[in-house]
Amino acid sequence: MRVSYSWLKDYVDSPLSVEEIAESLTRAGLQVESILRQSPGFQGVVVGRIRQIQQHPQSDKLSICLVEVGPGREFSVVCGAPNVVVGAKVPLALEGAELADGTRITSSKIRGVLSQGMICSEKELGLSEVADRILILPEQTPVGVPLSEVLPEHQDIILEIAITPNRGDCLSLIGIAREVAALTNGVLKKPPITLQALGAPISQFTSVTLQAPSLCPRYTASLIRQVEIKPSPAWLKNRLEAVGIRSINNVVDVTNYVMMELGQPLHAFDFDKLEDHRIVVRQAEENERLTTLDGVERILDHEMLVIADGKRAIGIAGVMGGLNTEVENTTRHILLESAFFSPESIRRTSKKLGLRTEASYRFERGVDPLGTPLALKRATQLIQEVAGGEVASGIIDEFPFPFSPIRLSLRTQRAQQILGADLAPQQMKSILVSLEFSVSEKSDEILDVEVPSHRSDITREIDLIEEVGRIYGYDKIPSTLPSGRIVPQDEKISRKVESLVQQVLIGEGFYEVINYSFMGKSALDKLKIPESDYRRRTVTLENPIIEEQNQLRTTLIPHLLENAHLNFKYNVDSLRLFEISRVFIHRDGSVSRVYGETGSAREMALLPEESLFVAGVMGGYREEVYWGEARKPVTFYDLKGVLENIFSILKVSYKLQNAQIPFLHPAQSAEIQVEGQTVGYLGKIHPEVAEVYELEQPLYLFEMNLDQVIPHVRPSVSFKPLPKFPSVRRDLAVLVPLTVKAEDVETQIRKVAGPILEDVKLFDLYQGEQIAKGFVSLAYSLVYRNPERTLTDAEVNLVHSQIIQSLEQTLGARLRE
């Protein structure tokens, strides 16, 4: 946010320099990114007075002006401006002067008459775009002084301040001034409001209807009649341009001025263009169209809030007004809007439309709900000053749900403990009062604090403590080292593996769920698990909470499928859930009815086998909704990629083996094997099981025994030096029968090639007209390298040919021509 220092000084008196103020703001959390000192873009221009004017003998449009800049110093200047008059004080660029665009002034003849300088327009001085007339200075301007000395408004200091998203209250000059006053013990001066509303009551002319009060909790409006639309006065235009806002006209400029001053966006409507002369705040109709002030037609949906008149939308609430009610030079009556809109609604609308404005930027972060009438009256006052007109008496203020301020208790000892500073309760109270909090003493150690309406970010006691700390100054808090003896502990590998798996899954977009450790017999029946399966070795509880869950679970899958069904039922279309927990397998030959409440030695001896498992489900779409991109459904390979990431982090080698899992699709399921041991499975849910669980969308799942994986985890990272000798890369494309697995081909390649084969990757699989029936083309990339010397082509060719010969003999493959 750009802050004009000269403008800021209107609202706060501070003894500090601008550099000291910038440092204080930065330490308090409002980072001042830069300090820019602005100065006029011209040099050598002085104030002159036109003493005499003659017509140019060779031109009807040129005048010869005799301009004096001091006693005995007069210059003859040829000028073509239509507004030159005798006695006018004007900016005179003498020989050697430099204008804003870099032009250097020299004496020269114009149509045969010597011109000893130039009388300048605002554009030539870099003050504005006005170029068809010269700049006439005030009558009291002294003659002969440098022009830069009489234009202080063009010598300013601009602070670029980074405002965090939670500090919407600082997106205004008053907000920054409040911070400066609190930090420097300065005095905050708010702009005076002296509104003369002498017209008929506003209710005789217009009305406001709130059809969506949850999206617009407050809407205020005023009416100014018989205004004159014209360029803004210099003071208004200069201040807006200093903070980066282009001047449009006097009325629109006032709305921008008050937005920058008080942080409340406003909008001016041409009252005569309003159908039925009334305002309706409602949600847009589906596919309703509105052309905004930037000339772009916007297509709206029902979630968006619009400002409408009696028949049509005239603005996108909190974002941008409509072209159909734009204030133009012919406008005579103004309806002025100042409202509070739901930040979530404005953020959603702005994002959907791809339309960010100064107004939406502020509404998204939250404006002061109690400040809307104040900003309305301030803007109405300024419009009356710069555009004239008659203000209707009263304002419209639709505020169906009155604002209730938050009250918090601040424990002063708690604040001292957290901050590590010995601040007196009275000092804490003084800091909060300087930020316009209402504070009373509930007891000697507790302050009762009422949060002002402009601080929507303050909701807890810790927020108050932060306010005290940052205004007091973090740099003033003494530094102390923590004391105490810290005993290092070795983290158990099982806990570390569990944490790593959890982090990977969360990073892949999964949400962790925690289900009960109980299930019923029907859960395994739904999964079509045969009686001979180990998961049927259940442990029955003696005193179950409910009979339908009278067994300790032997798999995590049933509860996850129930979780998936419930989420799909509530229209969650992109689902990723996982659970890490223990399963309980009844030991062969032991008694299963062992869990009562006594905890006897006999019961402890017959505990079931417990294993740590991880299971997850994926379904719906691969990614969230994003405009401009089609959504793709989750596939088997998405789930496979998740497992690859898990094993990569754990540094465990694994492979997948085709397998028939009772509750998984026979063509899209596999076992997970580590060092020849089956540790889990993954695949697509079987259609019959999906029907039982009422799953209308394809669902993919995995389950894995982490206790079986942990012995193969490499907790430490090992490194090897970079190779000293170059590699040799060869591609190999072979035709193999469809019955041959790609894994078998790779295994045979590695077996024949031996240690000089550094890597082998399958990069292409092809079936088509050029491939014989019953065969498939597999293409591999092979990397050869000897770590001790450079391989020769002859050595590589020999091994390569041996690989081809072996594949032909063992797998019935043949080299693809």
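My aim in this report is to walk through the structure given alongside it, one point at a time. (Residues numbered from 1 in each chain as written. Predicted model: local features only at pLDDT ≥ 70, side-chain atom pairs only at ≥ 80, totals over all residues. Heavy atoms only, no water.)

## A word on the overall build of the chain
Counting its regular elements, the chain contains 20 helices and 41 strands. Along the first, second and third principal axes, the C-alpha set of the chain runs to 115 × 80 × 65 Å. Per-residue burial over the chain gives 48% buried out of 817 residues. A fraction of 69% describes how many contacts in the chain between residues 6 or more apart in sequence connect residues 24 or more apart. When the accessible area of the chain is evaluated, it comes to approximately 41,400 Å², of which 50% is carbon and sulfur surface. (Helix = DSSP H or I, 4+ residues; strand = E, 2+ residues; numbered from the N terminus. Buried < 20%, exposed > 50% of the residue type's maximum accessible area, 1.4 Å probe, protein only. Contact = heavy atoms within 4.5 Å. Areas by Shrake-Rupley, 256 points an atom, 1.4 Å probe, with all protein chains shown as cover.)

## A word on the sheet that holds strand β41 (residues 814-815)
Here we have four strands laid out as an open sheet, ordered β39-β40-β38-β41, and antiparallel in their pairing. In this open sheet, the two edge strands, each paired with only one partner strand, are β39 (757-766) and β41. Here strand β38 (residues 728-737) pairs with strand β40 (residues 775-784) via ten bridges, running antiparallel. When the sheet's bridge partners are listed, arginine 729 is paired in β40 with valine 783. The sheet strands contacting helix α20 (residues 793-811) are β38, β40 and β41, and the helix crosses β38 at an angle near 15°. (Pairing = 2+ DSSP bridges. Axes fitted to C-alpha atoms, helices over the stretch in contact; angles between N-to-C directions.)

## Points about the nonpolar core
One finds Leu8, Leu25, Ile161, Ile176, Leu410 and Phe437 to be the most contacted residues of the largest nonpolar core, which totals 76 residues. If sequence neighbours within four positions are ignored, isoleucine 176 has contacts with Val3, Leu8, Leu25, Leu30, Ile161, Ile163 and Cys170. In this structure, Ile279, Ala284, Leu305 and Val319 belong to the second largest nonpolar core, which totals 39 residues. (Core = buried A, V, L, I, M, F, W, Y, C linked by side-chain atoms within 4.5 Å.)

## Comments concerning the environment of valine 78
Note on placement: valine 78 falls in strand β6 (residues 73-79). Using a relative accessible area of 9% as the deciding quantity, one classes valine 78 as buried. When the C-alpha positions of valine 78 and glutamine 55 are compared, they lie 9.6 Å apart, and in sequence the two are 23 residues distant.

## Things to note about the packing of aromatic side chains
Within this structure, the stated rule accounts for six aromatic pairs. A ring pair is formed by phenylalanine 636 and tyrosine 637, whose centres lie 5.6 Å apart and whose planes are at 90°; its orientation type is edge-to-face. On the basis of relative accessible area, phenylalanine 636 is assigned to the buried category, the value being 14%. Since its relative accessible area comes to 63%, tyrosine 637 is described here as exposed. Among the aromatic residues, those joined into a ring-pair cluster are Trp7, Trp235 and Tyr257. One residue, lysine 526, lies across the ring of tyrosine 693, its end atom 5.2 Å from the ring centre. (Phe/Tyr/Trp six-rings, centres within 6.5 Å; stacked < 30°, edge-to-face > 60°. Lys NZ or Arg CZ within 6 Å of the ring centre and 35° of its normal.)

## Some thoughts on the layout of surface pockets
To locate leftover empty space, one rolls a probe as large as a water molecule over the atoms. Here the largest pocket is characterised by a volume of approximately 970 Å³. If you go around the largest pocket, you meet 41 residues; those closest to its centre are Val252, Asn256, Leu293, Thr357 and Glu358. Listed by contribution, the elements that provide at least two residues to the lining of the largest pocket are α5 (250-262), β15 (266-270), β20 (313-316), β21 (320-321) and α7 (358-365). The class makeup of the residues in the lining of the largest pocket is 23 nonpolar, eleven polar and seven charged. Estimated volume of the second largest pocket: approximately 850 Å³. Lining the second largest pocket we find 19 residues, and of these Lys640, Leu656, Gln657, Asn658 and Glu743 sit closest to its centre. Class assignment for the residues of the lining of the second largest pocket results in seven nonpolar, five polar and seven charged. (1 Å grid on protein atoms, 1.4 Å probe; cavity = no way out; pocket = protein on both sides within 12 Å on 5 of 7 lines; lining within 4 Å. Points joined across faces, edges and corners; volume = space filled by probe spheres on them. Nonpolar A, V, L, I, M, F, W, Y, C, P; charged D, E, K, R; others polar.)

## Examining the environment of isoleucine 50
For isoleucine 50, the location among the structural elements is in strand β4 (residues 43-55). It is 44 Å that separates the C-alpha atoms of isoleucine 50 and leucine 266, two residues lying 216 residues apart in sequence. Among residues more than four places away in sequence, those in contact with isoleucine 50 are Cys65, Leu66, Val67, Val84, Val85, Val86, Gly87, Ala88, Val90 and Ile119.

## Examining the pattern of salt bridges
Within this structure, the stated rule accounts for 55 salt bridges. The closest approach of N and O atoms between arginine 51 and glutamate 74, which form a salt bridge, is 2.6 Å. A residue pair is termed long-range when its members are at least 10 positions apart, and arginine 51 in strand β4 and glutamate 74 in strand β6 qualify at 23 residues. Taking the relative accessible area as the measure of exposure, arginine 51 reaches 37% and is therefore partly exposed. Two residues, aspartate 525 and arginine 536, come together in a salt bridge whose shortest N-O distance is 2.9 Å. With aspartate 525 in helix α13 (residues 521-526) and arginine 536 in the loop between α13 and β30 (539-540), the pair connects residues that are eleven residues apart, well separated along the chain. In this structure, a network of salt bridges that share partners links the residues Arg167, Asp169, Glu179, Arg455, Asp457, Glu467 and Arg470. (Salt bridge = Lys/Arg side-chain N within 4 Å of Asp/Glu carboxyl O.)

## Structural notes on helix α11 (residues 461-472)
In a regular helix each residue adds 1.5 Å, so twelve residues correspond to 16 Å; α11 covers 17 Å between its end C-alpha atoms and thus fits that length. Where burial is concerned, most of α11 is hidden: nine out of the twelve residues are buried. Burial in α11 covers these residues: Glu461, Asp463, Leu464, Ile465, Glu467, Val468, Gly469, Arg470 and Ile471. Against the buried residues of α11 lie α3 (173-184), β25 (407-411), α9 (412-419), α10 (425-434) and β27 (446-450). (Expected span 1.5 Å × (residues − 1).)

## A word on the pairing of β6
With seven bridges joining them, strand β5 (residues 63-70) and β6 adopt antiparallel strand pairing. Bridge pairing in β6 places isoleucine 64 opposite valine 78. The hairpin formed by β5 and β6 contains two residues between the paired strands, and glycine 72 there has a positive phi angle of roughly 75°.

## Notes on the packing of α9 against α11
Helices that pack against each other are described as a pair by the angle of their axes relative to one another and the distance between those axes. Following both chains from N to C, one finds α9 and α11 inclined at 60°, their axes separated by 10 Å at the closest point. At the point where α9 passes α11, the crossing takes the right-handed sense. Only Glu461, Ile462, Ile465, Val468 and Gly469 of α11 make contact with α9, whose side of the interface consists of Arg414, Ala415, Ile418 and Leu419. In the contact of α9 with α11, the residues fall into six nonpolar, one polar and two charged. (Left-handed = near helix turned anticlockwise from the far one by under 90°.)

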